[in-house]
Each structure stands twice: as structure tokens, then as C-alpha cells.
Amino acid sequence: MLSIETEARVARLLLTLAEGERTNEISRQVLSDNYDFDPYQVFSYLDPDRKNRVTSGDIVNYLRSKGVCASPLEGDLLVLFYDQDCDGALSYCEFLNLVQSQNSVSKNKTFSTNAELPFNVDYSLTKLLEKEINLCRDVVSILTDLRSRCDFNIHEIYHQLKGCTWITLDSIKNFLERNNTSFLESDIQNILK
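Conventions and cut-offs
Residues numbered from 1 in each chain as written. Predicted model: local features only at pLDDT ≥ 70, side-chain atom pairs only at ≥ 80, totals over all residues. Heavy atoms only, no water. Disulfide = S-S within 2.5 Å. Buried < 20%, exposed > 50% of the residue type's maximum accessible area, 1.4 Å probe, protein only. Helix = DSSP H or I, 4+ residues; strand = E, 2+ residues; numbered from the N terminus. Arc of directions from axis to C-beta. Contact = heavy atoms within 4.5 Å. Phe/Tyr/Trp six-rings, centres within 6.5 Å; stacked < 30°, edge-to-face > 60°. Polar contact = N/O pair within 3.5 Å; in protein donor to acceptor, adjacent residues only side chain to side chain.

A.B. asks: Can you help me understand the state of the cysteines in this one?
C.D. replies: A covalent bond between the sulfur atoms of two cysteines is what we call a disulfide. Within the structure shown, the criterion is met by zero disulfides. Of the cysteine sulfurs around C86, a residue in no disulfide, the closest is that of C136, at 15 Å. Classification of C86 by relative accessible area gives exposed; the value is 66%. For the unlinked cysteine C136, the closest cysteine sulfur is that of C69, found at 14 Å.

A.B. asks: Sorry, what's going on with unusual backbone geometry here?
C.D. replies: Note: most residues except glycine have negative phi, and most peptide bonds are trans. Positive phi outside glycine occurs at C86, with the angle close to 55°. With respect to the helices and strands, C86 occurs in the loop between α4 (72-82) and β2 (89-90). Backbone geometry at N180 places phi at a positive 50°, although glycine is not the residue there. Here N180 shows up in the loop between α8 (169-178) and α9 (185-192).

A.B. asks: Mind showing me how you'd approach α8 here?
C.D. replies: For an α-helix, 3.6 residues make a turn, and residues three or four places apart therefore share a direction. Along α8, the residues that are buried comprise S171, I172, F175 and L176. Each buried residue of α8 lies within a common arc of 135° when the element is viewed along its axis, so the set occupies one face. In the core, the buried residues of α8 are packed alongside α1 (4-33), α7 (154-161) and α9. One or two residues past the end of α8 sits N180, with phi positive at roughly 50°.

A.B. asks: What am I meant to see in the packing of aromatic side chains here?
C.D. replies: For any pair of aromatic rings, the description rests on two quantities: the centre-to-centre distance and the angle between the ring planes. What the rule picks out here adds up to six aromatic pairs. Their ring planes at 75° and their centres at 5.4 Å tell us that F43 and Y92 sit as a pair that is edge-to-face. Of this pair, F43 sits in helix α2 (residues 39-46) while Y92 sits in helix α5 (residues 92-99), and the two are 49 residues apart along the sequence. For F43, a relative accessible area of 3% translates into the label buried. When its relative accessible area of 22% is taken as the criterion, Y92 is described as partly exposed. Taken together through their ring pairs, the aromatic side chains of Y40, F43, Y92 and F95 make up a single cluster.

A.B. asks: It is not clear to me how α7 should be interpreted in this structure. Could you clarify?
C.D. replies: Looking only at α7, the buried set comprises E156, I157, Q160 and L161. The arc enclosing the buried residues of α7, seen along the axis, measures out at 135°, which places them on a common side. Where α7 is buried, its residues meet α1, α6 (119-147) and α8. At the N-terminal boundary of α7, the capping side chain belongs to N153, with an oxygen 2.9 Å from the backbone nitrogen of H155.

Structure follows, in C-alpha cells:
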């Protein structure tokens, strides 16, 4: 059984994920709304070796070239958030989930592979990736604290979060309400995402 303090930390983790996803989605929208934004051009720019995949090293090197400090571990965590096939890198489809807003209107893309990104795209991309790295840092900090608890048990956390058979929007909402946590309805979707 989880203590009240441990459940509160799990709720904090969930809300951190929700808030991070909300702010990152705004940054994705800003990037996607750029007139010059071409996701394939950005993908190609971050994949200088033309491996048809973006690695955590590619992202960390890009951020460092822009003056943003990111460790290899933080880059790995960022890739892990979006790596659906668990190959340790982002394919173009996985990369789209990182950079393209859910609400973006698909534009006619040129699929350019120019050597440089337009300034506005470069700036918006840097801000988005910096926010993603900050979210990784926040999640790691909360997880480290959570794992240090004597009653930490991932199986028990799963059981506290699930409804009858699996984790649903309602079961997350019930968990947060049970822990007297204030949240937005959109946060529940972001947590599940």
C-alpha cells in the first residue's frame, strides 16, 4: 500500500507531465505556424550524417551549438519519450510527434534539405527542444525522489492508477481527485498521452 506522501508524489509527477506537455504543445504550435517550417528540412538538418534517423547525440549537439546545456542522459530521455519502436533513435514519423503540433494545418512542403534552417524556425526549434529537455529534468527529479521512498512500488502505483482493468481517463481523474490535486480536464488527456 502506498502512503499518502508517495501518492502525492505520483500525482505531482502526473501533473508535471501534463503541464510540460501543455507548454510543449504551445511551442510545437509556434514552430508549426512558422511560414518557413518544413519538418523534413528540420529532420535533415538534425541528421547531418543522413542516417534517416535522429539520435539523442544529434539533438544534444544541436542544442549545444545554440548555447543550451543538455547532457547525453537528458538527450536519451527526450528520445525515449518519442521513440515508439525502441530503437534508440527517432525515425521521421517519430520525429513529427516531437516537432509538429497536433493542431497544425498541413502546408505544402518543399522537402528542402538546405544546409541552414531559417532563423525563425531555428529559434522556435531551439526553444521547443529546450522545453523538452527541461521537462525531462523535472521528471527525472520527481522520479528520483519517488524511487527513494521506502514504500515505492511500481506495481502498486499501477494498481492505484488503473480502473477495473487498465489506466483510463476516468481512473487518472479519480486518482488526482483522491489526492486533492487541482487539474484541468485537458491535463488528463496530456497525462494519458
